[in-house]
Amino acid sequence: MPGVLLGDVFPNFEADTSIGKIKFHEFLGDSWGILFSHPRDFTPVCTTELACAARLSDEFKKRGVKMIALSIDSVADHCAWSKDVVALHSETAGSPLPFPIIADDKRELSVLLGMLDPDERDKDGMPLTARCVFVIGPDKRLKLSILYPATTGRNFTEILRVIDSLQLTASKKVATPVDWKPGEEVMVIPSLSDEEAKKLFPAGFTTKELPSGKKYLRYTPQP
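Residues numbered from 1 in each chain as written. Predicted model: local features only at pLDDT ≥ 70, side-chain atom pairs only at ≥ 80, totals over all residues. Heavy atoms only, no water.

- An unreviewed UniProt entry annotates the protein chain as Peroxiredoxin-6 of Ictalurus punctatus.
- In its Function (unreviewed entry) section, the UniProt record describing the protein chain reads: "Thiol-specific peroxidase that catalyzes the reduction of hydrogen peroxide and organic hydroperoxides to water and alcohols, respectively."
- UniProt lists a comment for the protein chain under the heading Sequence similarities (unreviewed entry), and it reads "Belongs to the peroxiredoxin family. Prx6 subfamily." (UniProt positions renumbered as here; feature names shortened; annotations may be inferred.)

**Observations regarding the nonpolar core**
- If you look at the biggest cluster of nonpolar residues, it comprises 30 residues, and the most contacted ones within it are Ile 34, Phe 36, Leu 50, Phe 60, Phe 99 and Phe 156.
- Broken down by secondary-structure element, the contributors of at least two residues to this core are strand S3 (32-37), helix H2 (44-55), strand S4 (65-71), helix H4 (75-87), strand S8 (131-136), strand S9 (142-148) and helix H6 (156-171).
- Apart from residues lying up to four places away in sequence, Leu 50 is in contact with Phe 36, His 38, Ala 69, Trp 81, Val 85, Phe 99 and Ile 101.
- In this structure, Phe 13, Phe 134, Ile 136 and Leu 142 belong to the second largest nonpolar core, which totals 20 residues. (Core = buried A, V, L, I, M, F, W, Y, C linked by side-chain atoms within 4.5 Å. Buried < 20%, exposed > 50% of the residue type's maximum accessible area, 1.4 Å probe, protein only. Helix = DSSP H or I, 4+ residues; strand = E, 2+ residues; numbered from the N terminus. Contact = heavy atoms within 4.5 Å.)

**Examining the domain arrangement of the protein chain**
- Taken domain by domain, the protein chain holds domain 1 (8-154) and domain 2 (172-220).
- Taking only C-alpha atoms into account, the centre of domain 1 sits 36 Å from that of domain 2. (Domains from an automatic or database assignment.)

**Concerning unusual backbone geometry**
- The backbone of Lys 140 sits at a positive phi, close to 70 degrees, despite the residue not being glycine.
- Checked against the element boundaries, Lys 140 lands in the loop between S8 and S9.
- Even without a glycine there, the phi angle at Asp 179 is positive, about 60 degrees.
- Among the secondary structure elements, Asp 179 is positioned in the loop between strand S10 (174-175) and strand S11 (186-188).
- Owing to a relative accessible area of 56%, Asp 179 belongs among the exposed residues under this scheme.

Shown next, in the form of structure tokens:
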């Protein structure tokens, strides 16, 4: 099935958007990027999602992340619907949508990227785009993908948390444990020996004793 796997170079597609034609890699430049799709404009769950994304856009910007959305609607529909989206939250009411939306009305990108939901179809029986999330690194490689069905709205605060983890672990030899939040302890990756870890983490680390006797749970303050 068509799609992009973790570590793959993300396709450098051209597309019409609500801000004009773009080439994806040029749009990203040296930034991180998030491409997120929704099934249709002028629908309830999608409107709440993009309104939330608009409200959090400054948080994505702080992290050096460029945002772009996608659905199978036309540019004209995107521009008209954007007014509904920004009106949903008082913080963004009257402002332009702070990110563009790709018009994939021919479903070419949706097929290429494996974004279609087989269980959700339009009045003509054609599949709609699912709620995909792709996070792309400055090297243009896919760092994370999440796929939600059309009926389930996403949690954009969780997506910000994931980006914090991705950016931290891209530069430091650590991993983030379950429910981790910025500022909390992280974990020393298993490939590092204790001696290497002592050199890399001057604040030190603690090792949890386990019934197996294996010393793989090593915690250190976030570097």
